[in-house]
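What follows is the residue order along each chain.
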Amino acid sequence: MKKNILFLLFFSSFISNAQIKGLVTDDNNISLPSVTVFIENSYNNTSTNEKGFYELNVKKAGKYIVVFQYLGFKTKKIPVTIDAFPYELNIKLVEENFTLNEVVINNQEDPAKQIIRNAIAAKKENSAKTAKYNADFYSRGLMRIKDAPKKILGQDLGDFEGALDSTRTGILYLSETVSRLNFQKPDKMKETIVASKVSGKDNGFSFNNAAGVDFDFYENYITFNINVISPISDNAFNYYKFKIEGSFYNEDKQQINKIKIIPRRDTEPVVEGYIYIVDDSWAIYAVDVNLKGYRMQTPALDNLVLKQSFSYNKTDNIWTKNTQSLDFIAGMLGINVSGKFTYVYSNFEFEPKFDKKTFTHEVLTFEKDSNKKGDSFWNTIRPIPLTTEESTDYVKKDSIQTLRKSKTYLDSIDKKENKFHVQQILSSYNYKNSYKNTSINYSGPLTSLRFNTVQGYNLSAGLSYTKRNPDDRTYTNFGTKFNYGFAETKLRMIADFSKKFNNHNNAFLAISGGSEATQFNEKKPISDIVNSISSLFFKNNYMKLFDKNFVKLSYSQEVVNGFSVYANFDYSERKPLFNNTDFTIIKSDDLYTSNNPLLPLDNLTPAIVKHNLAKGKITGKVNFGQEYWTRPDGKFNIPNDKYPVLYFTYEKGFAGSQNKYNFDYLGAKITQDFALGNKGHLGVNVTAGKFFNADNISFVDYKHFAGNQTRIGQTNDYLNVFNLMPYYTNSTNDAFFEIHSEYDDKGFIINKITLLNKLKSNLILGYHNLSVPNRTPYHEFSAGLDNLGFGKFKIFRLDYVRSYQNGFQTDGVIFGLKFLNVLD
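Everything quoted here is computed from the prediction, not taken from an experiment. (Residues numbered from 1 in each chain as written. Predicted model: local features only at pLDDT ≥ 70, side-chain atom pairs only at ≥ 80, totals over all residues. Heavy atoms only, no water.)

**Observations regarding the overall build of the protein chain**
Right, so step 1: A tally of helices and strands in the protein chain yields eight helices and 44 strands.
Right, so step 2: Taken against the 2.2 N^0.38 rule, which gives 28 Å for 824 residues, the C-alpha radius of gyration of the protein chain at 32 Å falls within 12% of a compact globule.
Right, so step 3: Overall, the protein chain is about 100 × 70 × 55 Å in size when its C-alpha atoms are taken along their principal axes.
Right, so step 4: If you sum the accessible surface of the protein chain, you get close to 39700 Å²; carbon and sulfur atoms cover 57% of it.
Right, so step 5: For the protein chain, the centre of its 101 positive side-chain charges and the centre of its 87 negative side-chain charges are spaced 3 Å apart. (Helix = DSSP H or I, 4+ residues; strand = E, 2+ residues; numbered from the N terminus. Rg over C-alpha atoms; globule rule 2.2 N^0.38 Å. Areas by Shrake-Rupley, 256 points an atom, 1.4 Å probe, with all protein chains shown as cover. Lys, Arg positive; Asp, Glu negative; His and termini not counted. Charge placed at Lys NZ, Arg CZ, Asp CG, Glu CD.)

**Some remarks on the packing of aromatic side chains**
Right, so step 1: Scanning the model with the defined rule gives 47 aromatic pairs in all.
Right, so step 2: Taking the centre distance of 5.2 Å and the plane angle of 40 degrees together, the rings of F520 and F546 count as tilted. One end of the pair, F520, is in the loop between β30 (508-519) and α7 (528-538); the other, F546, is in strand β31 (residues 545-560), with 26 residues separating them in the sequence.
Right, so step 3: Overall, F546 belongs to the buried group, its relative accessible area being 3%.
Right, so step 4: A ring pair is formed by F790 and F796, whose centres lie 6.3 Å apart and whose planes are at 40 degrees; its orientation type is tilted.
Right, so step 5: Sitting above the plane of the Y394 ring, K197 keeps its charged end 4.1 Å from the centroid.
Right, so step 6: Taking the ring centre of F550 as reference, the NZ or CZ of K548 above it sits at 5.3 Å. (Phe/Tyr/Trp six-rings, centres within 6.5 Å; stacked < 30°, edge-to-face > 60°. Buried < 20%, exposed > 50% of the residue type's maximum accessible area, 1.4 Å probe, protein only. Lys NZ or Arg CZ within 6 Å of the ring centre and 35° of its normal.)

**Considering the sheet that holds strand β2 (residues 36-39)**
Right, so step 1: Ordered in space as β3-β2-β5-β6, the four strands form an open sheet in which the pairing is antiparallel. Lying at the two open borders of the sheet, with one neighbouring strand each, are β3 (45-47) and β6 (76-82). The mean angle between the axes of side-by-side strands here comes to 25 degrees, regardless of whether they run parallel or antiparallel. (Pairing = 2+ DSSP bridges. Axes fitted to C-alpha atoms, helices over the stretch in contact; angles between N-to-C directions.)

**Points about a nonpolar patch on the surface**
Right, so step 1: The grouping of I511, V551, L553, F569, Y571 and F654 at the surface amounts to a nonpolar patch, some 480 Å² of accessible area in total.
Right, so step 2: For the nonpolar patch, the elements supplying multiple residues, two or more each, are β31 and β32 (563-576).
Right, so step 3: Counting through the fold element by element, L553 comes out in strand β31.
Right, so step 4: For L553, a relative accessible area of 41% translates into the label partly exposed. (Patch = residues over 30% accessible without salt bridge, like charges linked within 9 Å, V, L, I, M, F, W, Y side chains within 5 Å. Salt bridge = Lys/Arg side-chain N within 4 Å of Asp/Glu carboxyl O.)

**Details of the confidence of the model for the protein chain**
One rule of thumb: low pLDDT means the predicted coordinates there are not for detailed reading.
Right, so step 1: Model confidence for the protein chain is summarised by a mean pLDDT of 91, while 96% of its residues fall at 70 or above.
Right, so step 2: Here residues 1-16 is a poorly scored stretch, pLDDT under 50, and it has 23 contacts once near neighbours within four places are set aside; other chains count. (pLDDT = per-residue confidence, 0-100. Contact = heavy atoms within 4.5 Å.)

**Quick word on the side chain of N322**
Right, so step 1: Residue position: N322 is located in strand β21 (residues 318-332).
Right, so step 2: Every residue in contact with N322, bar those within four places of it in the chain, is listed here: T36, F38, N45, S309, F310, S311, Y343, V344 and Y345.

**Re the pattern of salt bridges**
Right, so step 1: Across all of its chains, the model carries 45 salt bridges by this definition.
Right, so step 2: The salt bridge partner of D375 is K197, with a shortest N-O separation of 3.5 Å. Of this pair, D375 sits in helix α4 (residues 375-381) while K197 sits in strand β13 (residues 188-198), and the two are 178 residues apart along the sequence.
Right, so step 3: Given a relative accessible area of 53%, D375 falls into the exposed group.
Right, so step 4: The exposure class assigned to K197 is buried, which follows from its relative accessible area of 15%.
Right, so step 5: Across the salt bridge formed by E573 and K610, the nearest N and O atoms sit 3.5 Å from each other. Linking E573 in strand β32 with K610 in the loop between β32 and β33 (611-623), this pair joins segments that are 37 residues apart in sequence.
Right, so step 6: Ionic contacts of the salt-bridge type, sharing partners, join the residues E488, K490, R492, D547 and K575 into one network.

**Quick word on unusual backbone geometry**
Right, so step 1: Looking along the chain, the bond that leaves F85 and enters P86 is cis, with omega of -5 degrees.
Right, so step 2: Secondary-structure assignment places P86 in the loop between β6 and β7 (87-88).
Right, so step 3: The linkage connecting K185 with the following residue, P186, adopts the cis geometry, with an omega of 10 degrees.
Right, so step 4: Phi at D280 takes a positive value of approximately 80 degrees, unusual for a residue other than glycine.
Right, so step 5: Looking at the secondary structure, you find D280 in the loop between β18 (272-278) and β19 (284-292).
Right, so step 6: Among the residues examined, D280 registers a relative accessible area of 66% and is labelled exposed.

**Things to note about the pairing of strand β44 (residues 808-817)**
Right, so step 1: The pairing of strand β39 (residues 712-713) with β44 spans two bridges and is parallel. Among the inter-strand pairings, I712 is bridged to a residue of β44, identified as F815.
Right, so step 2: Here strand β43 (residues 793-804) runs beside β44; their pairing, made up of nine bridges, is antiparallel. Considered in β44, the bridge of D799 is made with I814.
Right, so step 3: Counted between consecutive antiparallel strands, the loop separating β43 from β44 contains three residues, among which N806 sits at a positive phi close to 60 degrees.

**Things to note about the environment of L32**
Right, so step 1: Its place among the elements puts L32 in the loop between β1 (20-25) and β2.
Right, so step 2: On the accessibility criterion, L32 (6% relative accessible area) is buried.
Right, so step 3: Along the sequence, L32 and T754 sit 722 residues apart, while their C-alpha atoms lie 43 Å from each other.
Right, so step 4: Non-local contacts of L32, meaning those with residues more than four positions away in its chain, are made with V24, T25, D26, T48, N49, G52, Y70, F73 and L93.

**Some thoughts on the nonpolar core**
Right, so step 1: Counting 66 residues, the largest nonpolar core has Y240, I275 and I284 as the members making the most contacts within it.
Right, so step 2: Beyond its immediate sequence surroundings of up to four residues, Y240 is in contact with I229, S230, P231, I261, I262, P263, R264, V270 and V271.
Right, so step 3: Counting 20 residues, the second-largest nonpolar core is a separate cluster that includes L32, V35, L56 and L93. (Core = buried A, V, L, I, M, F, W, Y, C linked by side-chain atoms within 4.5 Å.)

**So, α7**
Right, so step 1: Residues of α7 that are buried: I529, V530, N531, S532, S534, S535 and L536.
Right, so step 2: K539 occupies a position one or two residues after α7 and carries a positive phi of about 55 degrees.

**Comments concerning the environment of D214**
Right, so step 1: By the secondary structure assignment, D214 is in the loop between β13 and β14 (221-223).
Right, so step 2: The exposure class of D214 is partly exposed, given its relative accessible area of 32%.
Right, so step 3: The sequence separation of D214 and Q324 amounts to 110 residues, and the corresponding C-alpha distance is 9.8 Å.
Right, so step 4: Discounting residues that sit within four places of it in the chain, D214 has contacts with F183 and K321.

**Notes on the environment of D27**
Right, so step 1: Topologically, D27 is positioned in the loop between β1 and β2.
Right, so step 2: Taking the C-alpha atoms as reference points, D27 and E95, separated by 68 residues in sequence, lie 8.5 Å from one another.
Right, so step 3: Not counting residues within four places of it along the chain, the set of residues in contact with D27 comprises L93 and V94.

**Comments concerning the pairing of β32**
Right, so step 1: Summarising the sheet, β31 and β32 pair through 14 bridges and their orientation is antiparallel. Bridged to V551 within β32 is Y571.
Right, so step 2: Connecting β31 to the antiparallel partner β32 that follows it, the hairpin turn spans two residues, and G562 within it adopts a positive phi of roughly 90 degrees.
Right, so step 3: By the bridge criterion, 12 bridges tie β32 to β33 in an arrangement that is antiparallel.

Spelled out as C-alpha cells, the structure:
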C-alpha cells in the first residue's frame with residue numbers, strides 16, 4: 001500500500017500541461033539538478049529539480065530548438081518537432097572540455113585580469129540591456145533539519161508541527177510562489193503574487209519574493225546582511241585575485257572564459273568560486289560562488305552557495321538571467337539546517353512602456369485567492385516539477401494540519417500541557433485553549449527578584465489573559481502585575497488592557513492604571529538587573545524613583561502610508577520616595593547616595609512635592625519613502641534607508657494641583673542610517689525641544705537624557721545614550737539640542753589590520769553632544785569594537801569613551817552585554 005501511495009505521489013508530480021518534459025543525466029546516468037532548459041531565442045525557460053526532471057511549457061505544437069545548459073557540461077541544442085503532447089525528451093549531457101592556451105602559461109600576467117577589466121568596462125552597457133522589463137517569476141524554498149535536539153536551554157522544541165521523523169530529521173519549510181514582475185533599474189519593482197503555497201499552512205502566504213533575491217553582479221555590491229563586493233565591481237582588484245581556468249565555445253561559437261575568484265583577505269565581505277565571462281561582449285554567462293557566514297557577519301550561517309545562469313537571445317542580443325539558486329548550511333545551539341531556494345525568471349518583455357502608476361510605494365501585493373489555487377493550477381504553471389519528497393511533504397503536512405487544527409487534537413495537547421505543578425507557583429504557569437486561541441499566563445516571583453534602595457529586595461508576579469486571531473494577527477489582552485518591596489513593606493499593583501484592531505494600519509489601544517515606583521526618566525535608562533548588581537556589589541545607587549499612582553490611555557495607528565500617530569493621555573499623582581535600606585552584599589563603608597537626583601548627599605530633602613497632573617501627548621512619525629507589502633493578513637512596512645525618519649511631538653501638562661505644574665512642550669527628532677557602500681554605515685540621531693511656561697514644573701516632567709554611570713551597555717547601538725554622562729545633571733525644563741552619531745565600519749577597516757582582523761569584529765567610532773541653555777555643551781568621543789564573542793555568539797561590545805564639559809571631564813570603558821536585554 002505504501003509503495004502504491006509513493007508511486008501515485010511520484011506520478012502526480014509530473015501530471016501537468018508542461019508539454020515538454022524529461023530527465024537530464026550525465027554519461028553515467030547520474031541525474032543533474034539545476035540544469036537550465038529553454039527554447040532557443042526565447043525567454044521560455046525552466047530548470048531541472050533535485051532529481052534531474054524538468055517540465056517546459058510551450059503554447060502550441062510545432063518545431064522548436066530546446067537548449068540544455070549546465071555549468072561544467074557542454075550545452076546541447078535539440079531540434080524537436082512536436083505533433084502531440086506531452087512530448088518526452090530525455091537528455092544526456094557531456095562534460096565540457098576546458099582549454100588553456102599556451103599564452104596563458106607564458107604571459108607574466110594572468111589573462112583573467114584583462115578579461116575582468118573588460119567585464120568591468122562593459123558592465124554598464126551590459127546592465128543597461130536588462131534595465132527595464134516585465135517577467136514571470138517562480139520561487140521554491142526548501143529547508144531541512146537533521147538530528148534536531150529535543151530541548152534547548154531546557155525548552156522543549158517539539159516536533160516542529162509534524163516535520164520531524166523518529167530521528168528528528170525532516171523538512172522544516174516548503175513553499176512556492178508564482179508572480180509577475182515589473183522592474184526598472186536601479187531599484188523600482190512591483191511584484192504581484194499570482195499564486196502562493198506553503199506546506200502545512202492553509203493560509204499559504206509565503207514570504208518568498210523577487211526583491212529579496214535580486215542579486216545583480218553588474219552592480220558594485222551584492223546586498224546581504226552587509227554589502228558583499230561583486231567580483232566585477234569597480235574596485236574588484238582591491239579585494240580579489242583572478243585566475244583563468246580555461247575556456248570553451250558554446251553552441252553559438254561564443255567563447256566562454258572560466259575565471260576563478262580568489263579573495264585577497266579571508267575576513268572581508270567577499271565571494272569565492274567562479275564567474276564565467278563571454279568573450280567580446282564581456283557579459284556574464286554564469287556565476288557559481290560561495291559566501292561564508294563570518295564574512296557576511298552572519299555567524300549562524302556556515303556557507304551559502306549562489307548560482308546564476310544566463311541564456312543568450314540572438315534576436316535581442318541580450319544575455320538574460322534565467323535561473324538562480326541559493327544553497328545554504330546553517331546551525332547554532334545544536335540545530336543544523338540546510339536548504340535550497342530556486343528561482344526561475346521567464347517570459348521577459350524588455351523596454352516596456354510603464355504606466356506612471358506602475359511603481360508606487362506598494363512593492364508587493366497578492367491577487368485575490370492566490371493562496372487557494374489547487375493542484376490542477378500548480379501542475380499547469382509550476383516550471384520545476386516537484387520531487388517525490390516534496391510531493392509527499394505537501395500531502396503529509398496538509399493531513400497533519402487538518403488533524404492538529406481539530407478540536408479533539410488540540411484539547412488533548414492542552415490537557416497534557418496544562419497540567420499544574422506546585423513549583424509553578426514560584427516560576428510560571430500557562431493555561432491554553434488552543435482551539436479558541438486563548439491563554440492565561442502566570443509569571444511567578446522566582447526570576448523577578450530585584451533590588452533598589454527604596455524598596456530593598458522586591459518581587460513581582462503577574463497574571464494575564466490573551467485572545468488571539470491568528471488569521472489576521474490581532475489580539476486582545478488583559479493583565480495585572482503585583483510588586484512588593486520588602487524594605488518599603490508596600491504592595492503595588494498595575495492593571496492593563498490592550499487590543500490590536502488590525503494589521504493593516506496597526507491600530508492599537510492600551511489602557512492601564514495603578515501604582516508603581518518608577519524612574520524620573522520615563523525611558524528607564526537603568527535596567528533593574530544592572531541596578532541590582534551595581535547596588536548590591538558596588539554600593540552604587542543610580543536608580544532614582546518616585547511614587548506614581550496613575551491612569552493612562554494610549555492609541556496609535558498609521559494614518560497614511562509612512563505617517564503614523566501616537567497619542568496618550570495620563571492623569572497621575574506623584575509622591576516623593578526615600579531610601580529605606582543600606583543593605584549590600586559586598587560590605588563597604590561607603591554610603592548610598594540619596595534618592596534625590598539633584599541632591600545626592602541629602603537624605604532628607606524630597607526630590608518632588610506631592611502633586612497631581614494630567615498630561616496629553618501626541619507624536620507624529622514620518623517614514624519618508626516608506627515602501628510596503630500588501631498581504632491579505634496585513635500590511636508590512638519596509639523602511640527606506642535612503643530617507644530620514646522624522647518625529648515631531650507636542651505635549652501639554654494641565655489640570656495640575658497647582659498652576660505652576662502646567663506646561664507646554666514641542667520637540668522633534670530626525671534619524672537616519674547612511675549606507676556607505678562596503679565602507680560601513682553611519683547612524684545619526686538629532687533631537688531638539690523647547691518647553692514653554694515651564695519655569696516651576698515638577699522635576700518629573702523635565703527633559704531627562706539617557707546617561708550611563710554603570711559602564712554597562714545593553715543596546716545594539718549607542719545612538720540614544722551618553723555613555724559617561726550622569727543621569728540627571730543636565731536635565732532641563734528649557735530648550736535643548738542633542739546629537740548622537742556612530743560610524744560602524746562593518747569590518748572595512750578592521751579586516752585590513754593584522755591580528756585585529758582575527759577578531760572578525762567591527763570598528764565603532766562615536767560622537768555625542770548635548771547643549772542646554774546656561775551650561776557648557778557636553779561632548780563625548782568614543783572608539784570601540786563590536787561583534788565580539790566566541791564561536792557563533794557575537795554578543796559583546798567594548799568601547800573607550802572620553803567626555804568633555806568645561807574641559808576634560810572623565811574617561812572610561814563601556815562593556816556592551818547585549819544578552820542582558822533578554823534577562824531584564
